[in-house]
Amino acid sequence: MGGVMTHSIRWKRPRFNALSYLVFALVLVLGLLNPAHAYAELSDKALRNIPSGAPDLDPKTGSLLAPILIPRVPGTPGSAAVQHHFVDFFVRELPGWRVEWHNSTSKTPATGDTDVHFTNLILTRDPLWAQIGDVGRLALVAHYDSLYRPEGFIGATDSAAPCAMLMQVARGVDEALTQKWEAMEASGDAGMGLEEEKGVQIIFLDGEEAWVSWTATDSIYGARALAETWESEVHPPLSTYRTPLDSINLFLLLDLLGTADPHVPSYFSTTHWAYQGIAKIEARMRKLGLLVSNPKNAFLPDSEKTADQFRGAFVQDDHVPFMMRGVDVLHIIPTPFPLVWHTMDDNAEHLDPGTVADWAKIVTAFAAEWLELDEFVSQLNPSTEKQAIRDRTEL
Ligand SMILES: *[C@@H]1O[C@H](CO)[C@@H](O)[C@H](O)[C@H]1NC(C)=O
Ligand SMILES: [Zn+2]
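Residues numbered from 1 in each chain as written. Chains lettered and ligands numbered in written order. Predicted model: local features only at pLDDT ≥ 70, side-chain atom pairs only at ≥ 80, totals over all residues.

Colleague: I'd like a description of the overall build of the protein, backed by residues and values.
Modeller: In terms of helices and strands, the protein carries ten helices and eight strands. Out of the 395 residues in the protein, the part that is buried amounts to 44%. Residue pairs at least 24 apart in sequence account for 81% of intrachain contacts in the protein once pairs closer than 6 positions are excluded. (Helix = DSSP H or I, 4+ residues; strand = E, 2+ residues; numbered from the N terminus. Buried ≥ 20, exposed ≤ 12 C-beta atoms within 10 Å, placed from the backbone. Contact = placed C-beta atoms within 7 Å.)

This is the structure we're talking about:
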């Protein structure tokens with residue numbers, strides 16, 4: 001991502017119509033009973049059942065992470081190999097997730113008149129009974145491209161490790177989601193409008209890096225194209241959400257993660273509630289002895305930040321075109337950046353395996369909390385889960 005810190009941009013709220021006002025009024029009334037964003041916390045039992053995925057996230061040998069630690073400049077064979085790695089994983093292990101490509105082309109200042117192909121990959125899991133325009137989603141996002149120069153750059157923190165973490169997060173919530181939705185169907189609650197429909201989406205973005213140096217037009221190629229497409233694709237009439245962009249309830253972007261001792265501030269007052277949620281998960285998991293890293297300070301130390309302390313500074317990254325269109329963003333990126341940032345040292349040797357595994361656990365727990373999976377994660381029997389995975393890989 002860009003090293004530039006800029007002042008925040010004010011954005012428009014989505015349009016309101018009469019129905020929205022009615023819904024808004026209802027939400028206000030419900031809000032009095034149940035404060036906004038106060039989702040139920042996961043129980044200790046559920047936290048203990050959150051899978052770690054640790055062996056598969058090992059930088060040298062992990063089946064999720066190691067294959068991403070190659071140069072993957074947009075339009076090159078390395079990029080295609082990593083796309084296949086993602087798709088193979090979902091098709092093989094998580095067939096309930098819809099696979100969608102979003103392709104675009106652009107010229108870059110490094111490649112002259114040649115069109116470079118940028119390929120975003122989107123994996124979505126929605127309740128089967130829900131209309132596509134009625135599902136509000138947690139979008140979990142990372143970029144998978146690597147820098148064009150220096151040649152051979154790997155980008156282990158930027159953003160191979162975050163991509164592998166998101167694969168693990170998808171696997172970590174999949175079984176409990178299935179069970180929750182089966183329970184809703186069995187009880188007749190499914191599709192009754194008693195609850196909002198909630199889905200989850202992994203977005204692997206291409207072309208985040210600048211080819212020459214970071215500007216508004218030489219950066220975030222994939223994110224800019226996707227935000228534009230999703231803003232203009234309109235859902236059928238009477239849908240809860242007007243466009244796929246509106247369907248994103250929270251855009252959670254991971255970047256530059258995987259080195260030891262990260263310091264991740266809270267950047268946005270509008271999503272400080274979500275920051276506090278994930279920070280609390282980190283603190284609770286540490287206290288319960290569920291994390292393996294041993295940092296000097298919490299990864300997420302900013303929970304006590306007050307409204308007047310938000311100065312509007314943020315890091316330029318893939319969220320910008322979404323944020324400018326009114327999407328709520330939680331940006332999980334350390335400041336300062338890792339010392340290896342944009343150097344040849346951003347490689348497997350400089351990842352801290354414990355930190356990588358802990359981030360995956362923390363984000364999985366946050367997703368499980370957001371998706372209200374407490375009782376289903378609590379009931380997971382880790383040994384059955386392992387057996388199921390073994391059975392699948394033996395096929
Ligand atoms: C987008 O690109 C990918 C990878 O090159 C390809 O497999 C896919 O078919 C393309 N999709 C569309 C809709 O063009
Ligand atoms: Zn970068």
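Colleague: Let's hear about the site of ligand 1: which residues, and what values?
Modeller: If you check the shell around ligand 1, you find Gln 83, Trp 101, Asn 103 and Thr 119 and nothing else. Considered class by class, the residues forming the shell around ligand 1 number one nonpolar, three polar and no charged. (Near = placed C-beta within 6 Å. Nonpolar A, V, L, I, M, F, W, Y, C, P; charged D, E, K, R; others polar.)

Colleague: Summarise unusual backbone geometry; cite the residues concerned and give the values.
Modeller: Here the bond from Asp 158 into Ser 159 is cis, since omega is -5°, no more than 30 degrees from zero. Assignment of secondary structure puts Ser 159 in helix α4 (residues 156-187). The omega angle of the peptide bond from Thr 335 to Pro 336 is 0°, so this bond is cis rather than trans. Structurally, Pro 336 can be placed in the loop between β8 (329-332) and α8 (353-370). We note that Asp 261 has phi near 60°; this positive angle belongs to a residue other than glycine.

Colleague: So what's going on with the nonpolar core? Which residues, and what values?
Modeller: Within the largest apolar cluster, 99 residues are counted, with the highest numbers of intra-cluster contacts made by Ala 164, Met 165, Leu 166, Val 173, Ala 367 and Ala 368. With 14 residues, the single largest contributor to this core is α4. Apart from the residues within four sequence positions on either side, Ala 164 is in contact with Leu 57, Gly 62, Leu 64, Leu 65 and Ile 68. (Core = buried A, V, L, I, M, F, W, Y, C linked by C-beta atoms within 7 Å.)

Colleague: Now, about the pairing of β8: what can you tell me, with residues and values included?
Modeller: Here β8 shows no split at all, with Val 329 and His 331 on one side and Leu 330 and Ile 332 on the other all buried. Both strand β6 (residues 248-254) and β8 contribute to a ladder of four bridges, which runs parallel. Among the inter-strand pairings, Leu 253 is bridged to a residue of β8, identified as His 331. (Pairing = 2+ DSSP bridges.)

Colleague: So, the environment of Leu 69: which residues are in play, and what are the values?
Modeller: Within the secondary structure, Leu 69 sits in the loop between α2 (44-49) and α3 (77-93). Take Leu 69: there are 21 C-beta atoms within 10 Å of it, and that puts it in the buried class.

Colleague: Give me the lowdown on the sheet that holds strand β2 (residues 98-106), citing residues and values where you can.
Modeller: The strand order across the open sheet formed by six strands is β2-β3-β5-β4-β6-β8, and the pairing between neighbours is mixed. Looking at the sheet topology across the chains shown, the edges are occupied by β2 and β8. The average angle at which neighbouring strand axes cross in this sheet is 20°, direction not considered. Direction of pairing for strand β4 (residues 135-143) relative to β6: parallel, over a ladder of five bridges. By the bridge assignment for β6, Arg 137 is matched with Ile 248. Along the sheet face, α3 touches β2, β3 (116-125) and β5 (197-205) and points at about 15° away from the line of β3. (Axes fitted to C-alpha atoms, helices over the stretch in contact; angles between N-to-C directions.)

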